[in-house]
Every structure is written in structure tokens, then in C-alpha cells.
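Residues per chain are reported as follows:
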Amino acid sequence: VVLQIVQEDRMNNNNSSLLEATILEHLKTKNYPTLANHVVQDPKICVLCQCEYENGETNGTLECRHEYHADCIKRWLMKKNVCLVCKREGIQQKC
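Remember, it's a predicted structure, so these values are computed and weren't measured experimentally.

Participant: Go over the overall build of the protein with me, naming the residues and quoting the values.
Facilitator: What the protein contains, in helices and strands, is three helices and three strands. Traced from its N-terminal end to its C-terminal end, the protein shows the element sequence α-α-β-β-β-α. Looking at the protein as a whole, 24% of its 95 residues are labelled buried. Within the protein, residue pairs in contact and separated by at least 24 positions form 50% of the contacts whose partners lie at least 6 positions apart. As displayed, the protein has an accessible area near 6900 Å², and 49% of this comes from carbon and sulfur atoms.

Dropping the structure here:
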């Protein structure tokens, strides 16, 4: 019965925080593309810190495919497991 309650709580509370180890295990990361001799016409920004992505920076992508600076989204997910753009669960926790 207790296990069922814990599982139901996890399903209903997708906005709970995550442990750093869980984030590091599941967050997809990549380096922002290096664009040699190319001027970016419409620079992209991290929604969390409002700074433009710079060449070589590590970005983290949530399961909904929204992208942030890896450090910014890690800190956010440790507070609330939700995407700031679409409000979906940031990283799905498997039971």
C-alpha cells in the first residue's frame, strides 16, 4: 500500500525537485555549435538567465526538446522539475 501511495505521488507531482545525480544521469547535453566566420542573425538565448548562447558552451536539452544552458537548467531542475517554456515535466522519472 505504501509503495502504491509513493508511486501515485510521483505521478501526480511532476513539479517536484530532482536530485543532482538524477539530472546528470538523464539530461541530454551538447556544445553550442561553433560557427567559424559566420554571423548569427537571430541569436538564441537561455530563457533562465536571458544570456545569449556562446560558441562552445554546454547546453542541456529537456525531453520536450527545449534548450537551456546546462548549468542553468540543472540548478532549476533541483528546485522544480518543469520546463519553463511549455510547463511539461522536465525529466521523466521512471518508477
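Participant: Outline the environment of Ala-21, listing residues and values.
Facilitator: Mapped onto the fold, Ala-21 is located in helix 2 (residues 20-26). With 57 residues separating them along the chain, Ala-21 and Met-78 place their C-alpha atoms 10.0 Å apart.

Participant: Account for the nonpolar core, with residues named and values stated.
Facilitator: Ranked by size, the top nonpolar core spans 14 residues in total, and within it Ile-23, Leu-27, Leu-62, Tyr-68, Ile-73, Leu-77 and Ile-91 carry the most contacts. Counting residues per element, this core draws most heavily on helix 3 (residues 70-77), at three residues. Discounting chain neighbours no more than four positions away, the residues touching Tyr-68 are Cys-46, Val-47, Leu-48, Tyr-53, Asn-59, Gly-60, Leu-62, Ile-73, Cys-83, Leu-84 and Val-85.

Participant: Could you give an account of the side chain of Asn-81, with specific residues and numbers?
Facilitator: Of note, Asn-81 is situated in the segment after helix 3. Side-chain polar atoms of Asn-81 contact the backbone oxygen of Ile-91, separated by 2.8 Å.

Participant: Could you give an account of the state of the cysteines, naming the residues involved and the relevant values?
Facilitator: Summed over all chains, the structure comprises zero disulfides. We note that Cys-46 lacks a disulfide partner, and the nearest cysteine sulfur, in Cys-49, lies 3.9 Å from it. Between Cys-72, a cysteine without a disulfide, and Cys-49, which holds the nearest cysteine sulfur, the sulfur-to-sulfur distance is 3.9 Å. A relative accessible area of 11% places Cys-72 in the buried class.

Participant: Quick one: what's the story with helix 3, residue by residue and with numbers?
Facilitator: When helix 3 is considered as a whole, its buried residues turn out to be Ala-70, Cys-72, Ile-73, Lys-74 and Leu-77. Looking at the packing, one finds that the buried side of helix 3 touches helix 2, strand 1 (28-31), strand 2 (58-61) and strand 3 (67-69).

What counts as what
Residues numbered from 1 in each chain as written. Predicted model: local features only at pLDDT ≥ 70, side-chain atom pairs only at ≥ 80, totals over all residues. Heavy atoms only, no water. Helix = DSSP H or I, 4+ residues; strand = E, 2+ residues; numbered from the N terminus. Buried < 20%, exposed > 50% of the residue type's maximum accessible area, 1.4 Å probe, protein only. Contact = heavy atoms within 4.5 Å. Areas by Shrake-Rupley, 256 points an atom, 1.4 Å probe, with all protein chains shown as cover. Core = buried A, V, L, I, M, F, W, Y, C linked by side-chain atoms within 4.5 Å. Polar contact = N/O pair within 3.5 Å; in protein donor to acceptor, adjacent residues only side chain to side chain. Disulfide = S-S within 2.5 Å.

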